[in-house]
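# Analysis of the macromolecular model
Below, each chain spelled out in residue letters.
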Amino acid sequence: MIKVKQISKRFNKELTLEDIEMEVNNGEVVGLVGPNGAGKTTLLNIIAGVWLPSEGTIEIDGYSVGDRSRETNQILGYIPDIPFIYPKLTGREFLQFVGSLYKVERETIDRKISELEKALEISFWLDGLMEAFPRGVRQKMMLAAMLLHSPRVLLLDEPTANLDPKSARIVKELLQRMAKQGASILLSTHILEIAERLCQRLVILDKGKIIAQGTIEELRQIAKSPLSNLEEIFLQLTGGEVYSELLKYLS
Amino acid sequence: MFVARWLILQAKILKNSFKEQEKQFLFRIVTQGLIFILGFWLLYLFLTYMFDFASKRNIRPFDFAASLLSFVLLVFMPLLIYSAIICSLHFLFQKEEISFLFTLPVKRIQIFEAKFLQTFYKSSWVAFCGMLTFIIALQTYFHISPLIYLGAVIASIAYLLIPFCLGVILTLVLSRIIPFVRAKGLLTIVGLFVGSLIILAIRMMQPERLATVEGKLSLLTFMEGLHRPWMTVLPNEWFNNVSASYYQGDIAGIWVNTLALVVVAFCFLVAVYILAKAFYVRIWTESLATPAVIPGKYGWKVLLKIFPAHLRAFVKKDILTFHRDTVERGSLLLFIPMTALYFYSMYVLAWQLRNYGESTFSFLYEYLFNLFYAGIVICGLAGRWVFPSLSGEGSNFKLLRLAAIPLRDFLKEKLWLGFIPLFIMGQILVVGSCLIMGISLELSIIASVIMLILTSGIVSIGVTLGARMADFSVKEPLDVVLGYQGIVFVVVELLFIIGTIVLTGIPLAVYFRSGFSSLYFFALIAAIFGLGLIFYFGIYIPYQHAIAYLGKRDV
């Protein structure tokens with residue numbers, strides 16, 4: 001479970017995130033949506049513990065992220081928008097390395113690699129150097145690496161951004177299965193179709209603030225448009241005026 | 001014109017980076033600037049001191065200055081070529097930027113010209129500042145006409161263009177012959193080539209004539225006695241003649257030598273232009289191909305067992321990365337000539353000892369000088385691999401910080417991985433040189449222990465400073481070494497080496513004078529205490545701070 005309490009983040013005195021308050025329960029997939037520069041990646045980085053918040057606290061399964069305890073790291077998996085890679089390692093060596101960073105036994109690592117290589121269709125790439133991997137494969141390799149230690153909390157920044165439709169489908173199903181097994185998943189995405197189909201709840205960020213959060217139904221009520229889809233709700237909440245200006249320009 | 005517009009854009013980018021992180025950036029610029037100014041000021045002081053020293057010994061100081069300038073430029077020539085190759089491989093073939101530039105309605109040769117100018121600036125500005133410092137020292141000390149600055153700027157740019165163009169030509173030609181994906185591997189050969197050239201240049205200077213206990217006087221007589229008639233065909237001598245002509249008021253000399261430099265530089269520029277027109281686009285296109293390297297099995301797994309179990313994953317990752325990176329592996333070869341030079345110098349020292357008679361003072365001097373020299377070699381290795389290793393993790397450092405393994409373990413691995421090879425290298429240097437110099441077994445053992453202390457300190461300082469000043473945004477770890485962090489590293493390491501040598505030298509000096517006396521034991525205890533203080537306050541405490549800092553800073 002993730003509990004974010006009144007998080008703010010300043011970079012050079014400029015407020016990038018302001019008073020963020022949200023939760024992700026066990027077994028729940030929550031989507032973080034918002035325009036470019038809304039603060040989605042910043043929020044994920046802070047929840048993961050890569051950046052410290054200027055104010056506020058974060059709890060992951062009862063552990064405070066500020067303490068940066070090994071316990072928190074052990075239950076957390078974070079997949080950034082630009083995947084971590086070591087160009088001179090093979091995919092398998094990379095997975096073994098990340099597994100050992102999370103103190104997973106060697107036998108377990110090997111067993112999980114053989115499961116994940118089939119599930120994510122990465123067998124072809126496992127023994128090649130990572131520097132030659134296309135972006136999508138890097139993304140899948142990163143996902144595989146973060147699943148090795150079976151995290152109870154998973155943070156994903158644009159997990160399907162570089163994936164082909166088939167791989168995106170596989171990832172979606174994998175995340176749904178993990179949520180069913182009780183994991184808390186927070187993902188940021190620009191693809192509203194994924195957010196709508198995959199997430200039980202959505203958090204809409206704009207200019208560093210949460211402007212709405214809830215289920216699709218609740219968001220419809222907030223936007224006061226009972227029949228609209230997520231795209232329409234999103235555009236209405238995050239700058240309907242700009243959108244109509246754009247349409248005017250295009251016409 | 002595209003080149004001019006592009007240069008203005010670079011200036012704007014620099015200006016904007018000021019705006020972006022005003023305070024941080026200003027602080028960095030000010031610190032970096034101050035350190036560089038301090039460095040050049042020290043060089044200036046050193047030069048004027050040497051001129052003074054020469055004039056007091058009835059050696060014409062300008063002749064001395066001219067010899068020094070000429071030889072420094074000659075020795076640095078291969079380094080400038082090497083730097084040009086590294087910079088051109090990096091800047092002339094930047095994937096994202098050039099992909100964008102090639103989509104613009106601009107002639108591709110103009111894009112090359114713009115990148116050429118950027119590469120020239122990146123590769124040569126430090127050398128330019130050094131040359132200018134030398135000229136400032138000459139002008140102020142010998143009261144030469146201030147017009148020398150104008151001439152020096154033109155001559156310096158022309159002089160620097162020659163090795164730079166040579167480097168670019170080598171890069172273009174070799175990248176055309178061998179696929180670009182393997183071009184970085186060329187650095188191996190080029191590194192060896194440069195190393196050999198440096199050895200050749202140093203050998204030409206006959207360093208054994210420097211190796212007398214008299215020190216500076218022999219340096220002056222050595223410089224005075226250098227024969228260099230054939231060198232008039234080399235650009236370093238033309239540059240030297242430009243400054244000499246200003247000193248003598250020889251207008252014709254100024255024109256002839258400046259013209260020689262400018263004409264040769266121009267010829268090289270034309271050669272670069274022709275090659276670039278023929279090859280640049282094709283090489284750049286080939287550079288986009290991803291390498292199809294299939295890693296083989298490695299048979300050194302057993303070696304991992306010498307490391308503690310919880311560190312092996314890090315060690316394996318670092319060794320594999322090093323092993324498969326041809327640039328990293330290739331630059332190891334540069335240390336072969338360095339080691340050869342080291343043993344050669346020790347051989348010369350031993351020869352000098354035999355000639356001068358083995359007085360206690362000269363023996364101790366040579367003994368400690370040997371350790372200092374070995375310490376410098378180890379420091380060079382640590383500066384190349386240990387110090388930038390943490391910054392080399394780049395954005396992957398996030399992964400390490402998010403891991404369930406504490407950062408302390410990660411730094412421990414860096415310590416071990418740096419210490420083991422450098423310890424072996426240090427011991428080879430010390431034991432080898434002790435054998436060459438005919439030093440007794442007891443003193444060889446002491447030298448070996450001192451080297452152990454030096455190595456552990458050098459590596460610990462490298463890791464600590466590398467952690468405290470890590471820059472995870474650099475594209476190449478070497479950028480950290482070449483930045484202000486590198487200067488801080490060198491200064492701290494030098495202080496440590498000198499401190500350790502002095503502290504360990506005192507009890508030895510007392511022993512040579514009075515044997516196992518009470519004074520000796522007092523000196524020994526004081527030295528151990530002093531070393532303890534250095535290690536505790538200078539290394540252990542900063543190391544702990546560095547770990548805490550790494551855990552807290554935003555990545």
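Presented here is a report on the structure given in the accompanying data block. Bear in mind that the values here come from a model prediction, so they are computed numbers and not experimental data.

### A word on the pairing of strand β4 (residues 55-60) of chain A
A regular strand carries its side chains on alternate faces of the sheet. Residue and element names in this part refer to chain A. Pairing geometry for strand β1 (residues 2-11) and β4, over five bridges, is antiparallel. From the neighbouring strand, K3 faces β4, where its bridge partner is E59. Sheet analysis places β4 next to strand β5 (residues 63-64), joined by two bridges and oriented antiparallel. Paired with I60 across the strands is Y63, a residue of β5.

### Things to note about helix α20 (residues 518-552) of chain B
Residue and element names in this part refer to chain B. The first and last C-alpha atoms of α20 sit 50 Å apart over 35 residues, in line with the 51 Å expected at 1.5 Å per residue. Taken as a whole, α20 carries its principal kink of about 30° at Y536. In the core, the buried residues of α20 are packed alongside α15 (397-402), α16 (407-437), α17 (441-468) and α19 (484-514).

### Digging into the nonpolar core
One recurring pattern in soluble globular proteins is that nonpolar side chains are buried together. Formed by 155 residues in total, the largest nonpolar core has its most connected members in M22, F94, L155, I185 and L186 of chain A. Sorting elements by how many residues they give to this core places helix α14 (residues 360-386) of chain B first, with 13 residues. When neighbours within four sequence positions are excluded, M22 of chain A is seen to be in contact with I2, K3, V4, V30, L32, L43, L186, V203, I210 and Q213 of chain A. Listed in part, the 65 residues of the second largest apolar core include F102, L161, V168 and Y280 of chain B.

### Some details on the environment of T321 of chain B
Inspection of the secondary structure puts T321 of chain B in helix α11 (residues 312-324). In this structure the C-alpha to C-alpha distance between T321 of chain B and T455 of chain B, which are 134 residues apart in sequence, comes to 24 Å. Residues within four places of T321 of chain B in sequence aside, it is in contact with K88 and L89 of chain A.

### A look at the packing of aromatic side chains
Throughout the structure, instances matching the rule amount to 32 aromatic pairs over all chains. Between W125 of chain A and F133 of chain A the ring centres are 5.6 Å apart and the planes differ by 70°, which places this aromatic pair in the edge-to-face class. Owing to a relative accessible area of 25%, W125 of chain A belongs among the partly exposed residues under this scheme. Of the residues examined, F133 of chain A reaches a relative accessible area of 5% and is grouped as buried. Both rings, one in F516 of chain B and one in Y520 of chain B, keep their centres 5.4 Å apart while their planes meet at 80°; by these two values the pair is edge-to-face.

### Quick word on the sheet that holds strand β7 (residues 153-157) of chain A
Working definition: the strands of a sheet are paired by backbone hydrogen bonds and lie parallel or antiparallel to each other. Residue and element names in this part refer to chain A. Strand order across the open sheet formed by six strands is β6-β7-β8-β3-β9-β10, with mixed pairing between neighbours. Of all strands in the sheet, those with a lone pairing partner are β6 (76-79) and β10 (209-214), marking the two edges. For this sheet, the mean angle separating the axes of adjacent strands, direction not counted, is 15°. As defined by bridge partners, strand β9 (residues 201-206) adjoins β10 across five bridges and the pair is classed as antiparallel. Along β10, the bridge assignment pairs I204 with A212. The strands touched by helix α8 (residues 216-223) within the sheet are β9 and β10, with β10 carrying the most contacts at an inclination of about 125°.

Cut-offs and rules
- Residues numbered from 1 in each chain as written.
- Chains lettered and ligands numbered in written order.
- Predicted model: local features only at pLDDT ≥ 70, side-chain atom pairs only at ≥ 80, totals over all residues.
- Heavy atoms only, no water.
- Pairing = 2+ DSSP bridges.
- Helix = DSSP H or I, 4+ residues; strand = E, 2+ residues; numbered from the N terminus.
- Expected span 1.5 Å × (residues − 1).
- Bend = angle between axes of the 7 residues up to and from the residue.
- Contact = heavy atoms within 4.5 Å.
- Core = buried A, V, L, I, M, F, W, Y, C linked by side-chain atoms within 4.5 Å.
- Buried < 20%, exposed > 50% of the residue type's maximum accessible area, 1.4 Å probe, protein only.
- Phe/Tyr/Trp six-rings, centres within 6.5 Å; stacked < 30°, edge-to-face > 60°.
- Axes fitted to C-alpha atoms, helices over the stretch in contact; angles between N-to-C directions.

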